[in-house]
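Chains, contacts and geometry: an overview
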Amino acid sequence: MATRTLSAAAATVDGTGSGTLHANSPDSKKIVGVFYKANQYASLNPEFVGCAEAALGIRDWLESKGHQYIVTDDKEGPNCELEKHIHDMHVLITTPFHPVYVTAEKIKKAKNLQLLLTAGVGSDHVDLKAAADAGITVVEISGSNAVSVAEDELMRILILVRNFLPGYRQVIDGDWNVAGIAHRAYDLEGKTVGIIGAGRIGKLLLQRLKPFNCNLLYHDRLTISPELEKETGAKFEEDLDVILPKCDVVVINTPLTEKTRGMFDKERIGKLKKGVLIVNNARAAIMDTQAVVDACSSGHIAGYSGDVWNPQPAPRDHPWRYMPNHAMTPHVSGTTINSQLRYADGVKDTLDKYFKGEEFPAQNYIVKEGKLASQYQ
């Protein structure tokens, strides 16, 4: 398997001695970015760089270097804008919030593709084996969303524990029924919260939960540092099926891999404490979609909240839109303005290294020289 070379460092001179690349020069690269469209919201905040209109704020920089930058939100179907550029693009930038599902079929068409770049974290929208087999490098901006997602998860825990949404709906509907909220509103203090996946986001969430005086448990392939365990009071549990029945709240933070796909099926959900609350900002496919619907309908899951769906965008008839006791949103937790600025900077830095033929930060590689990062193996 031949790795497609990433070096774009050699510049051709434009005839004036300036060293500027032209869009049709041998070293000019075609970069395609696919982002969600902001429409009327695009002009409301100059820092709103994650939308298609702002295009991560890197257009002028790229074009000044002689590269071609195609930006679109149109990614579905055989006649979409993306399809027009697959055959000759060198770099594809996509996001978890408006993902391009980079299938083996798309990879086969993309003869010039060298770099798949996720503006954010989570590259499960890419067929990673097909990318590895084709010698394509897959990179993301590790850590860019960690604070944003951890804060969002804490918010969702509180929304579920305090039974917030029925009260909000009452106000919107002109109603007033305290009992309809209070009969299942609790304090977070004293509850057992289990963090499934204690990577960057999980660690930050443990730190943010500490002041609430919860009983904190976590499950992962590896333990966190003794110092962080002492700081947070979190206790490690190696066996997933042992930790789950102990938890009043379960927060899922694992990446989507072949091992975690469908991990929470009907059988495993049945092992959860009756009345459990679940927060999942990781990936929807970790859950069995219908099993979640059934458990929410029966009351076995008392509340389910998250911002990830399968597929995305979620179709109008997605059953999670209509199941009881949910607090779902579109995929937004990792695309706050602060997070956008972080991953926009990361994308620019990654492209700069790509043009110079330099290595990327080790933690950002998902596929390198035909090998998958350990978390995806």
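Please read these numbers as outputs of a predicted model, since none were measured by experiment.

With that settled, consider the UniProt feature "domain: D-isomer specific 2-hydroxyacid dehydrogenase catalytic" (unreviewed entry) in the chain. Mapped onto this numbering, the UniProt entry gives "domain: D-isomer specific 2-hydroxyacid dehydrogenase catalytic" (unreviewed entry) at residues 62-359. In residues 62-359, helix accounts for 34% and strand for 16%; the two terminal C-alpha atoms are 19 Å from one another.

This part takes up the packing of helix α4 (residues 146-161) against helix α7 (residues 200-209). Any two packed helices are characterised by the angle at which their axes cross and by the distance between the axes. Between α4 and α7, the shortest axis-to-axis distance is 8 Å and the interhelical angle comes to 50°. Comparing the axis directions of α4 and α7 gives the class oblique. The interaxial crossing formed by α4 with α7 has right-handed handedness. Taking contact as the criterion, the partners of Ala146, Val147, Val149, Ala150, Glu151, Glu153, Leu154 and Ile157 in α4 are, on α7, Arg200, Ile201, Leu204, Leu205, Arg208 and Leu209.

Let us look at the sheet that holds strand β1 (residues 30-34). In spatial order, the strands read β2-β1-β3-β4-β5-β13-β14; together these 7 strands make up an open sheet with mixed pairing. Looking along the sheet, the strands with just one partner apiece sit at the ends: β2 (68-72) and β14 (371-372). Judged from the 5 bridges that link them, β1 and β2 form a sheet pairing that is parallel. Of the residues in β2, the one forming a bridge with Val34 is Thr72. Contacts from helix α12 (residues 337-356) reach β1, β3 (91-94), β4 (115-118) and β5 (137-140) within the one sheet, and its direction differs from that of β4 by about 165°.

The subject of this paragraph is the layout of surface pockets. Each pocket or cavity is described by its volume, and for the largest pocket that value is around 1,200 Å³. Gly199, Asn253, Thr254, Pro255 and Gln375 are, among the 49 residues lining the largest pocket, the residues nearest its centre. Looking at the lining of the largest pocket, the elements that each hand over two or more residues are α4 and α7. The leading source of residues in the lining of the largest pocket is α7, at 4 residues.

Listed under "site: Important for catalytic activity" (unreviewed entry) in the UniProt record, and renumbered for this structure, are Arg283 and His331. In terms of the greatest pairwise C-alpha distance, the residues named above, spread along 49 residues, form a tight cluster of at most 9.9 Å across. In this structure, the largest pocket is lined, among the annotated residues mentioned, by Arg283 and His331. Its place among the elements puts Arg283 in the loop between β10 (276-280) and α11 (289-298). In contact with Arg283, other than residues within four places in its own chain, are Pro96, Val121, Gly122, Asp124, Leu256, Val308 and His331. Here the side chain of Arg283 touches Asp124 through a polar contact of 2.7 Å, side chain to side chain. Of note, His331 is situated in the loop between β12 (326-328) and α12.

Along the chain, His85 falls in the loop between β2 and β3. Judged by its relative accessible area of 11%, His85 falls in the buried class. With near-sequence residues (within four places) excluded, His85 lies in contact with Lys30, Val32 and Ile70.

Attention now moves to the packing of aromatic side chains. Going through the model one piece at a time under the given rule, you end up with 9 aromatic pairs. Relative to Phe236, the ring of Tyr218 lies with its centre 5.3 Å away and its plane at 55°, an arrangement referred to as tilted. Remark: Phe236 occurs in strand β8 (residues 235-236) and Tyr218 occurs in strand β7 (residues 215-219); sequence separation between them is 18 residues. Judged by its relative accessible area of 29%, Phe236 falls in the partly exposed class. Between Phe360 and Tyr365, the aromatic rings sit 5.6 Å apart at their centres with planes inclined by 40°, giving tilted as the arrangement. Judged by relative accessible area, which is 5%, Phe360 ranks as buried. The exposure class of Tyr365 is buried, given its relative accessible area of 10%. Taking the ring centre of Tyr365 as reference, the NZ or CZ of Lys368 above it sits at 4.7 Å.

Reading the values: rules and limits
Residues numbered from 1 in each chain as written. Predicted model: local features only at pLDDT ≥ 70, side-chain atom pairs only at ≥ 80, totals over all residues. Heavy atoms only, no water. UniProt positions renumbered as here; feature names shortened; annotations may be inferred. Helix = DSSP H or I, 4+ residues; strand = E, 2+ residues; numbered from the N terminus. Axes fitted to C-alpha atoms, helices over the stretch in contact; angles between N-to-C directions. Parallel < 35°, antiparallel > 145°, perpendicular 65-115°, else oblique. Left-handed = near helix turned anticlockwise from the far one by under 90°. Contact = heavy atoms within 4.5 Å. Pairing = 2+ DSSP bridges. 1 Å grid on protein atoms, 1.4 Å probe; cavity = no way out; pocket = protein on both sides within 12 Å on 5 of 7 lines; lining within 4 Å. Points joined across faces, edges and corners; volume = space filled by probe spheres on them. Polar contact = N/O pair within 3.5 Å; in protein donor to acceptor, adjacent residues only side chain to side chain. Buried < 20%, exposed > 50% of the residue type's maximum accessible area, 1.4 Å probe, protein only. Phe/Tyr/Trp six-rings, centres within 6.5 Å; stacked < 30°, edge-to-face > 60°. Lys NZ or Arg CZ within 6 Å of the ring centre and 35° of its normal.

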